[in-house]
Amino acid sequence: MQFEATAAFARKMDEQDPLKHFRSRYYFPQHEGRNTLYFCGNSLGLQPKPVQNYIEQELEHWRTHGVEGHFRGEHPWMHYHKFLQQQTAHIVGAQEHEVVVMNTLTVNLHLLMVTFYRPTRERFKIIMEAGAFPSDQYAVESQVKWHGFTPENAIVEVSPRPGEETLRTEDIIATIEQHGSETALVLFGGVNYYTGQFFDLQSITDVGHRVGAYVGFDLAHAAGNVLLKLHDWGVDFATWCSYKYLNAGPGGPSGVFIHEKHGNNPTLPRFAGWWGHDEAQRFQMRKGFVPMPGAAGWQLSNAQIFSFAAHRASLDLFVEATMPALRKKSEQLTGFLEFMIENLNQNGQRFKIITPKNPAERGCQLSVLTDANGKQLFDYLAANGVICDWREPNVIRLAPAPMYNSFQDVRELSQLLQTFRD
Ligand SMILES: *Cc1c(COP(=O)(O)O)cnc(C)c1O
């Protein structure tokens, strides 16, 4: 794609964008009477306008039916997780019975490690990326200790080479091979929250399996952002949150993937609750846990209907737009942002993009290392109606979301980057 830095080019790209009408289905925070330039979908996605209606339907259902709401109407609460399954499977490339929405992300990481991290004296290591999101680090550290190992011995982190910002796939593979016979679990992010690097999940899965380990992914920054084929890749398990690119609102519920090769194995150990119990017998209130087949058999509690309703509203828009179309636009939109930033560099400014240049190795986010004035730049952007985020010591994360961002948003942002120095 040949980009141009002009306003006319950005306008033309927006006019030709087959997804352009989705923008008007989201609420943008306002700044001085106009839409902010919102580049923070990596942290909290915007509110889809239909969310209010979906939640109100459930309030109405509760007012009208009380407890009978569990069994009545188009979306009885008893089965509510099923009304998100098809859309969720589309997002992550799974069979419907391989996914379920439940709990929140860190909780699910723990639950999945209960099943997929069962260390022995010989095989006890977890391999992960250095600089993983802190919650993941704490979860892994505490799991390792819970099993009587020390993080120093049991956690192996793959780091960038000196002078580099991102990981090389060959280094990830070499590390897994090196610790092969001692490795119980390979647990990686899908897209790293700081650098925006999208890892080669297929290769990581293959090598993890070759050494006899389970392979799982935290897809918080990947779900709704990049194309995933969890089923075809043979990934053992994955989990993600819904409030970043998936726009389900603050504290929104988490999604879980468990490959069918495990999901239909009732003997796999797990922490159980009544909502994972065989549906047909759930209300017989008998002893003896019989898991439902598929990922649903890992559920503990009944669904949090209001946050699930918000998530259902947001997911329905993804199914309407489709992931392949979103990804196609995303590569152009992020490519355009990269082009505009590099253009500024030619004019003597210094923005170093640490996110990989290859579109196959990133999602929509670009992480930009700034010079010494980085914090002032960030404050200047904020004062001019840009919402993005700042990560110490000097990185600005910019995430143009294909669902609601436009090429004109990107151009306006780059103009602000330019006027800061001028
Ligand atoms: C956002 C994020 C989290 C947050 O976890 P919650 O349990 O939803 O608060 C965890 N891990 C990663 C990688 C994230 O990006």
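Structure: above.
Below is a short write-up of the structure. (Residues numbered from 1 in each chain as written. Predicted model: local features only at pLDDT ≥ 70, side-chain atom pairs only at ≥ 80, totals over all residues. Heavy atoms only, no water.)

Here we look at helix α7 (residues 169–178)
(1) Moving on: Taken residue by residue, α7 has D171, I172, T175 and I176 as its buried positions. Along the long axis of α7, the arc covered by the buried residues comes to 135°, so they all point the same way.
(2) Moving on: Residues of α7 that are buried make contact with β7 (125–129), β8 (155–158), β9 (183–189) and α8 (201–210). (Buried < 20%, exposed > 50% of the residue type's maximum accessible area, 1.4 Å probe, protein only. Helix = DSSP H or I, 4+ residues; strand = E, 2+ residues; numbered from the N terminus. Arc of directions from axis to C-beta. Contact = heavy atoms within 4.5 Å.)

Brief notes about the pairing of strand β10 (residues 214–218)
(1) Moving on: For β10, a buried count of 4 out of 5 residues is recorded, marking the element as mostly surrounded by other parts of the structure.
(2) Moving on: Judged from the 5 bridges that link them, β9 and β10 form a sheet pairing that is parallel. Paired with G189 across the strands is D218, a residue of β10.
(3) Moving on: For the crossover from β9 across α8 to β10, the handedness is right-handed.
(4) Moving on: Bridge analysis of β10 against strand β11 (residues 237–241) gives 3 bridges, and the strand direction is parallel. Counterpart to D218 in the pairing with β11 is T239. (Pairing = 2+ DSSP bridges. Right-handed = clockwise from strand over helix to strand, strands pointing away.)

Details of the packing of aromatic side chains
(1) Moving on: Taken as a whole and assessed by the stated rule, the structure comprises 19 aromatic pairs.
(2) Moving on: Both rings, one in F3 and one in F9, keep their centres 6.3 Å apart while their planes meet at 90°; by these two values the pair is edge-to-face.
(3) Moving on: F3 sits in the buried class, given a relative accessible area of 14%.
(4) Moving on: By relative accessible area, which is 4% here, F9 ends up buried.
(5) Moving on: Their ring planes at 50° and their centres at 5.3 Å tell us that Y26 and Y404 sit as a pair that is tilted. (Phe/Tyr/Trp six-rings, centres within 6.5 Å; stacked < 30°, edge-to-face > 60°.)

Quick notes on the environment of A325
(1) Moving on: Locating A325 in the fold gives a position in helix α12 (residues 323–346).
(2) Moving on: Residue A325 is classed as partly exposed on the basis of its relative accessible area of 29%.
(3) Moving on: Remark: the alpha-carbon pair of A325 and E32, spanning 293 residues in sequence, is separated by 33 Å.

Considering the sheet that holds β10
What holds strands together in a sheet is hydrogen bonding between their backbones, with the strands either parallel or antiparallel.
(1) Moving on: Taking strand neighbours across the sheet as the criterion, the 7 strands line up as β6-β12-β11-β10-β9-β7-β8 in an open arrangement whose pairing is mixed. The outermost strands of the open sheet, each flanked by one partner alone, are β6 (99–102) and β8. Strand-to-strand, the axes of this sheet are offset by a mean angle of 20°, without reference to chain direction.
(2) Moving on: Lying over the sheet, helix α4 (residues 105–116) contacts β6, β7, β9, β10, β11 and β12 (254–258), oriented at roughly 170° with respect to β11.
(3) Moving on: Its contacts with the sheet place α7 against β7, β8 and β9, and it is angled at close to 160° to β8. (Axes fitted to C-alpha atoms, helices over the stretch in contact; angles between N-to-C directions.)

Comments concerning the pattern of salt bridges
(1) Moving on: Using the criterion set out here, one finds 20 salt bridges in the structure.
(2) Moving on: Notably, a salt bridge pairs E338 with R362, separated by 2.9 Å at the nearest N-O pair. Linking E338 in helix α12 with R362 in the loop between β13 (352–353) and β14 (366–369), this pair joins segments that are 24 residues apart in sequence.
(3) Moving on: Of the residues examined, E338 reaches a relative accessible area of 8% and is grouped as buried.
(4) Moving on: With relative accessibility at 3%, the residue R362 sits in the buried group.
(5) Moving on: The closest approach of N and O atoms between K375 and D379, which form a salt bridge, is 3.9 Å. Of this pair, K375 and D379 both sit in helix α13 (residues 374–383), 4 residues apart, which is roughly one turn of that helix.
(6) Moving on: One continuous salt-bridge network, built from bridges that share partners, spans E338, E342, K357 and R362. (Salt bridge = Lys/Arg side-chain N within 4 Å of Asp/Glu carboxyl O.)

Some remarks on helix α2 (residues 51–65)
An α-helical segment advances 3.6 residues per turn. Residues three or four places apart therefore align on the same side.
(1) Moving on: Taking 1.5 Å per residue, 15 residues should reach 21 Å; α2 reaches 21 Å between its end C-alpha atoms and fits that length.
(2) Moving on: Residues V51, Y54, E58 and H61 constitute the buried set of α2. Buried residues in α2, looked at end-on, bunch into an arc of 95°, giving them a common side.
(3) Moving on: Buried-residue contacts for α2 involve β5 (47–48) and α11 (305–321).
(4) Moving on: Downstream of α2 by one or two residues, G66 has phi in the positive range, about 55°. (Expected span 1.5 Å × (residues − 1).)

Observations concerning a nonpolar patch on the surface
(1) Moving on: A cluster of nonpolar residues, F71, W274, F283 and M285, forms a patch on the protein surface that exposes about 460 Å² of accessible area.
(2) Moving on: With respect to the helices and strands, M285 occurs in the loop between α10 (260–263) and α11.
(3) Moving on: Judged by its relative accessible area of 60%, M285 is exposed. (Patch = residues over 30% accessible without salt bridge, like charges linked within 9 Å, V, L, I, M, F, W, Y side chains within 5 Å. Areas by Shrake-Rupley, 256 points an atom, 1.4 Å probe, with all protein chains shown as cover.)

Examining the site of the ligand
(1) Moving on: Taken together, the residues surrounding the ligand are L105, T106, F133, D136, D218, A220, H221, Y243 and K244.
(2) Moving on: T106 places a polar side-chain atom, nitrogen or oxygen, 2.6 Å from an oxygen atom of the ligand.
(3) Moving on: At 2.6 Å, a side-chain N or O of Y243 approaches an oxygen atom of the ligand. (Near = heavy atom within 4 Å. Polar contact = N/O pair within 3.5 Å; in protein donor to acceptor, adjacent residues only side chain to side chain.)

Some words on the sheet that holds β13
(1) Moving on: Read from one edge of the open sheet, 4 strands run β13-β14-β17-β16, paired in antiparallel fashion. Both edges of this open sheet fall to β13 and β16 (389–391), since each of them pairs with a single strand only.
(2) Moving on: Judged from the 2 bridges that link them, β13 and β14 form a sheet pairing that is antiparallel. Bridge pairing in β14 links I353 to V368.
(3) Moving on: Across the sheet, α12 lies against β13, β14 and β17 (395–398), angled at about 15° from β14, the strand it touches most.

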